[in-house]
Amino acid sequence: MLIHVGEAWADDPVFNETLRRRQESFVKILVCMKQVPQKDAPLKLNEGGTWIREDVSYEVNEPDAYALEEALRQKEKHSGEVVVITSGPARASQVLREALAKGADRAIHLEDNAFVGLDAYNTARAFAAAIKDEKFDLIFTGLQSDDYGYAQTGVILAELLGWPHATIIMQIEKQDAGIRVKRELEAGFFQFVDMPLPAVLTIQSGINKLRYATLIGIKQAKNKPMRKVTMAEVQTAIGENLQKIEKLYIPQKTKKTEMIQGSPGEMAKKLVEKLRNEVRVL
Amino acid sequence: MILVIVEQREGKLNRVSWETLTAGQAIAAETGWPLEAAVVGGSVAAIAAEVAGKKVAKVSAVESAKLEPYTPDSFAAALKQFIESKQPKLVLMPHTYQVRDFVPKLATAMGRTVISDAIGYKKEGEKMVFTRQMFQGKFVADVSFAGDAPWFVTFQNGAFRGDKVEAGAAAAPVETVAVEIADGVVRNKPQEVFKEAKQAVDLTQAEVIVAVGRGIKEQKNIEIAKQLAEALGGELAASRPICDSGWLPMDRQIGSSGQTVAPKLYLALGISGAIQHIVGMKGARTIVAVNKDSEAPIFEIADYAVVGNLFEVVPPLIEEIKKAKAGA
C-alpha cells in the first residue's frame, strides 16, 4: 500500500507514529557497544591494583561488532533506524564513530570516566535512563564483554524496561507478529524461540560476517548526530554498585609450566623428546 | 542459609550441578551455614530425589506446569517467589547458558546482583569474597557484595570437582513447592531443542588434538596445523573465531559453545586462551601451547610453553615428529 505523506503532516507525531506502525517492516534498533582493551594489548595493573593502567590501545568488544552488523542487516532488510550507545570516557566515542561509518544512523555517548567503574546493574540503569524518551523495537548487545565478562547487562536492561529477552542469538527473523530467534545452547544444540516486540537480544559472535567501513561511510559519519549524556543527567537513575572489585591481580599459576627454549629447531627437538618420554604420545 | 539451584534440562540433571553442590558444601563447612538445594521445572521429583542423596539439609522441587519448557520469564518468576520465601544468604548456580539467560533478570527483579562466572571463593572474616577472571583471564579479581543478601553467584564450569560432592548419611527430605505463575508472565515461545547437521567428528574421543586459534592468521595457514595433527595421528580442532570465520567447520570447535575434550595431548597453536576456550580443554592431561605472546593466558594452564612464532616452530616440529616415528 502506498501512503502519501502531505507536507503538513510530516511533522505530526501522531501521524508519524501511525505511519510507523503501518509500515510493518520498520525496525528501530539500539545497539549497546563497549570499548575494551585490544585483544593482544599487554595489560598492566595500576599502582593500587584496582584496575588496569589505561594507557593501552582499545577496540570494540568483538560480540558488539556482530550485534551492530546484525542491526545494520535487519535495517537493510526491513528499513528502519540503527542507533548505537556506549558509556565511558572520551576515547569510547571511537567505537561510535566506527559504527556510524559502517552505517548506524546516530549515536548516544554516556561520557564520563566514572561509567567504566559501574557494575552491570548500574550500567543498564544508566542506559535505560538515557533512552527513556526513545521508542525502540529491538535492543542488541554483544553476549558478553572481553573486559569484565559479566554477560549480564543486556538481560538486566530487558528486566528494567519490562521487555522479554533472549540470549546468545545466532539468527533473527522478523515475523508477522514479533520475531523468531535462534538461540545457541551448549554442546552444539540450538533452539528457535518466538517472541514479541519490543525485545532485548544478546548476540553471539559469528552470527554474520562483519563489514568494513567504506570511505564514503567514514565521510558521512562526520555529519551524523552524536548525543552526549553526562553522568549528572543519569545520576538519579543509578545507585551504589552492588558488587565491588576489591582488587585485581595476576592469576596464580596452578600448573608448573616448563618453558621450551632455543631456536625453532632446538625447540622442536626438545618438544618431541617430551612428547615421547613424558607425554608418551609418540 | 546457602541455596544451590541445580540445573535440569529435559528432565535430566546437568552434571555440572554437582560442581556447584561441591562448592556449596565447602562454603557450608567453612561458614556453618546450612545448605539446601532446589531444582526447578515442570515435574522434577526424580531429580530432587537424586540430589537428596548428597549431603544437603533439604531439597526443594520447585514446580509449575509453566516451567516446562524452560523460559527466562517462568524461571525468574518461580525462583523469585521461592527465594523470597526461603531468604537464603547465598544462592549458587552453575554458569551455564541457561543460568546466564535468566539469573541477571531474577537478581534484578529482586534488586540484587550476581557475581557471575566465579572460579573460587575466600572467607575474609565475616566477608565472602569471590574470585572471577577478567580481561579474558589475564587477571583475576576479588569481588565482594556491597548490598544486602541474597547474594547470587554463578560458578564457572570446572571451578570445583563434581566427583568430590559428598554423599549424605541418609537421604535428605524432599519438599515439593508449587509456584504460581500468572498467565501472561511467559512471553517467549520456545520450540524444540535441536542439533545442527550431524556432527562428523567426535573430538571427545581423540587422544591427541592440535587446535588452532587467531594466531594462525589466514585460512591457508590451517594447512600446517593439519600436517602437524596428521604427523601426531591426532584430530584438528579450533577456537571459536576460526570456526566463525568458516576456516574450519563448527563441529571442530572446542569451548563452551563447542565440544569439551580431555585428550592425552592438547597442542594449542596461536590460541590466546580466552575463558570460553579454556573451559572446553583444561581437562587435557598435557597441554602444549605455542604462542608468540608470552603473557597469553593459555600459558597459565600449559604444561609446556613455547613462546615463539608458530610458523617458525611448527615446520621443524613436524619434521622431528616424523623422524621420531620413523625411528620408533
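Residues numbered from 1 in each chain as written. Chains lettered and ligands numbered in written order. Predicted model: local features only at pLDDT ≥ 70, side-chain atom pairs only at ≥ 80, totals over all residues.

A.B. asks: Which residues make up the pairing of strand β9 (residues 189-195) of chain A, and what values do they have?
C.D. replies: Inspection of the sheet shows strand β8 (residues 179-184) of chain A paired to β9(A) by six bridges, in the antiparallel sense. Paired with Ile179(A) across the strands is Met195(A), a residue of β9(A). Where β8(A) folds back on β9(A), the antiparallel hairpin that results is connected by four residues, among which Ala187(A) adopts a positive phi of roughly 55°. Pairing of β9(A) with strand β12 (residues 189-195) of chain B, which is carried by five bridges, proceeds in the antiparallel orientation. Across the sheet, the residue bridging to Val193(A) is Pro190(B), located in β12(B). (Pairing = 2+ DSSP bridges. Helix = DSSP H or I, 4+ residues; strand = E, 2+ residues; numbered from the N terminus.)

A.B. asks: Residue-level account of the sheet that holds strand β13 (residues 208-212) of chain B, with values.
C.D. replies: Spatially, the six strands line up as an open sheet ordered β13(A)-β17(B)-β16(B)-β15(B)-β13(B)-β14(B), and their pairing is parallel. In this open sheet, the two strands that pair with only one neighbour each are β13 (258-259) of chain A together with β14 (235-238) of chain B. Note: β13(B) against strand β15 (residues 265-269) of chain B, five bridges, orientation parallel. Looking at the pairing, Val208(B) lines up with Leu265(B) of β15(B). Contacting β15, β16 (286-291) and β17 (304-307) of chain B, helix α8 (residues 264-277) of chain A runs over the sheet at an angle of about 165° to β17(B). Packed on one face of the sheet, helix α5 (residues 222-232) of chain B meets β13, β14 and β15 of chain B and runs near 170° to β13(B). (Contact = placed C-beta atoms within 7 Å. Axes fitted to C-alpha atoms, helices over the stretch in contact; angles between N-to-C directions.)

A.B. asks: Would you mind going over the nonpolar core in detail, with residue names and values included?
C.D. replies: Val31(A), Leu68(A), Val84(A), Leu201(A), Val39(B) and Val40(B) are the most contacted members of the largest nonpolar core, which totals 127 residues. In this structure, Leu203(B), Ala229(B), Ala268(B) and Ala296(B) belong to the second largest nonpolar core, which totals 55 residues. (Core = buried A, V, L, I, M, F, W, Y, C linked by C-beta atoms within 7 Å. Buried ≥ 20, exposed ≤ 12 C-beta atoms within 10 Å, placed from the backbone.)

A.B. asks: Go over unusual backbone geometry, please, and point to the residues and values.
C.D. replies: Backbone torsion omega between Leu197(A) and Pro198(A) reads -5°, so that peptide bond is classified as cis. With respect to the helices and strands, Pro198(A) occurs in the loop between β9 and β10 (199-203). Residues Ala149(B) and Pro150(B) are joined by a peptide bond in cis, for which omega reads 0°. Look at Ser79(A): it is not a glycine, yet its phi comes out positive at around 65°. Counting through the fold element by element, Ser79(A) comes out in the loop between α2 (62-78) and β4 (80-88). Judged by C-beta crowding, with 11 C-beta atoms within 10 Å, Ser79(A) ranks as exposed. With a phi close to 60°, Ala151(A) is a non-glycine residue in the positive phi region. Structurally, Ala151(A) can be placed in the loop between β6 (138-142) and α5 (153-161). On the basis of neighbour count, Ala151(A) is assigned to the buried category, with 28 C-beta atoms found within 10 Å.

A.B. asks: Mind laying out the interface of chain B and chain A, listing which residues take part and the relevant values?
C.D. replies: Of the residues lining the interface, 75 residues belong to chain B; the matching set on chain A comes to 70 residues. By residue number, the principal contributor to the side of chain B that touches chain A is helix α8 (residues 310-327) of chain B, which donates eight residues. Broken down by class, the residue content of the side of chain B that touches chain A amounts to 35 nonpolar, 17 polar and 23 charged. Note that β13(A) and β17(B) share two bridges and pair parallel. Following the sheet pairing, Met259(A) is matched in β17(B) by Ala305(B). (Nonpolar A, V, L, I, M, F, W, Y, C, P; charged D, E, K, R; others polar.)

A.B. asks: Now, about the confidence of the model for chain B: what can you tell me, with residues and values included?
C.D. replies: Predicted coordinates in regions of low pLDDT should not be interpreted in detail. Here chain B averages 94 in pLDDT, and 98% of its residues register 70 or above. Listed scores for the predicted complex are pTM 0.88 and ipTM 0.87. (pLDDT = per-residue confidence, 0-100.)

A.B. asks: Describe helix α3 (residues 93-102) of chain A, listing the residues and the values that go with them.
C.D. replies: Along an α-helix, a turn takes 3.6 residues, which lines up residues three or four apart on a common side. Where burial is concerned, most of α3(A) is hidden: seven out of the ten residues are buried. For α3(A), every residue scored as buried is listed here: Val95(A), Leu96(A), Glu98(A), Ala99(A), Leu100(A), Ala101(A) and Lys102(A).

A.B. asks: Could you give an account of the environment of Ser257(B), with specific residues and numbers?
C.D. replies: Along the polypeptide, Ser257(B) turns up in the loop between α6 (240-244) and β15. Look at Ser257(B) and you get buried, because 26 C-beta atoms sit within 10 Å.

A.B. asks: Could you give an account of the packing of helix α4 (residues 120-130) of chain A against α5(A), naming the residues involved and the relevant values?
C.D. replies: Residues and elements named next belong to chain A. Their axes nearest at 9 Å, the elements α4 and α5 cross at an angle of 50°. The angle between the axes of α4 and α5 places the two elements in the oblique class. For the element pair α4 and α5, the recorded crossing hand is right-handed. Note on element contacts: α5 touches α4 through Thr153, Ile156, Leu157, Leu160 and Leu161, opposite Ala120, Tyr121, Thr123, Ala124, Arg125, Phe127 and Ala128. Class assignment of the residues belonging to the contact of α4 with α5 gives a composition of nine nonpolar, two polar and one charged. (Parallel < 35°, antiparallel > 145°, perpendicular 65-115°, else oblique. Left-handed = near helix turned anticlockwise from the far one by under 90°.)

A.B. asks: Describe the domain arrangement of chain A, listing the residues and the values that go with them.
C.D. replies: One can read the domain layout of chain A as domain 1 (7-237) and domain 2 (256-282). Each of domain 1 of chain A and domain 2 of chain A has a C-alpha centre, and the two are 46 Å apart. (Domains from an automatic or database assignment.)

A.B. asks: How would you explain the sheet that holds strand β10 (residues 151-155) of chain B if you had to name every residue and give the values?
C.D. replies: If you trace the ten strands from one edge of the open sheet to the other, you get β12(A)-β9(B)-β8(B)-β7(B)-β10(B)-β6(B)-β1(B)-β4(B)-β5(B)-β11(B), paired in mixed fashion. Both edges of this open sheet fall to β12 (243-249) of chain A together with β11 (174-178) of chain B, since each of them pairs with a single strand only. Put simply, the sheet's adjacent strands are angled 35° from each other on average, direction ignored. Examined bridge by bridge, strand β6 (residues 90-94) of chain B and β10(B) share five bridges and lie parallel to one another.

A.B. asks: Now, about the environment of Lys80(B): what can you tell me, with residues and values included?
C.D. replies: Here Lys80(B) is to be found in helix α3 (residues 72-86). For the pair Lys80(B) and Met110(B), spaced 30 residues apart in sequence, the C-alpha to C-alpha distance is 7.1 Å.

A.B. asks: Give a description of the domain arrangement of chain B that names residues and reports values.
C.D. replies: Residue and element names in this part refer to chain B. In terms of domain boundaries, chain B breaks down into domain 1 (2-178) and domain 2 (203-327). Computed over C-alpha atoms, the centres of domain 1 and domain 2 are 34 Å apart. At the interface, seven residues of domain 1 touch seven residues of domain 2.

A.B. asks: Help me get a handle on the packing of α5(B) against α8(B), residues and values and all.
C.D. replies: Residues and elements named next belong to chain B. For the pair α5 and α8, the least separation of the axes is 9 Å and the interaxial angle reads 20°. As the angle between them shows, α5 and α8 are arranged roughly parallel. Viewed along their axes, α5 and α8 form a crossing whose handedness is left-handed. Taking contact as the criterion, the partners of Ile224, Gln227, Leu228, Ala231 and Leu232 in α5 are, on α8, Val314, Pro315, Leu317, Ile318, Ile321 and Lys322.

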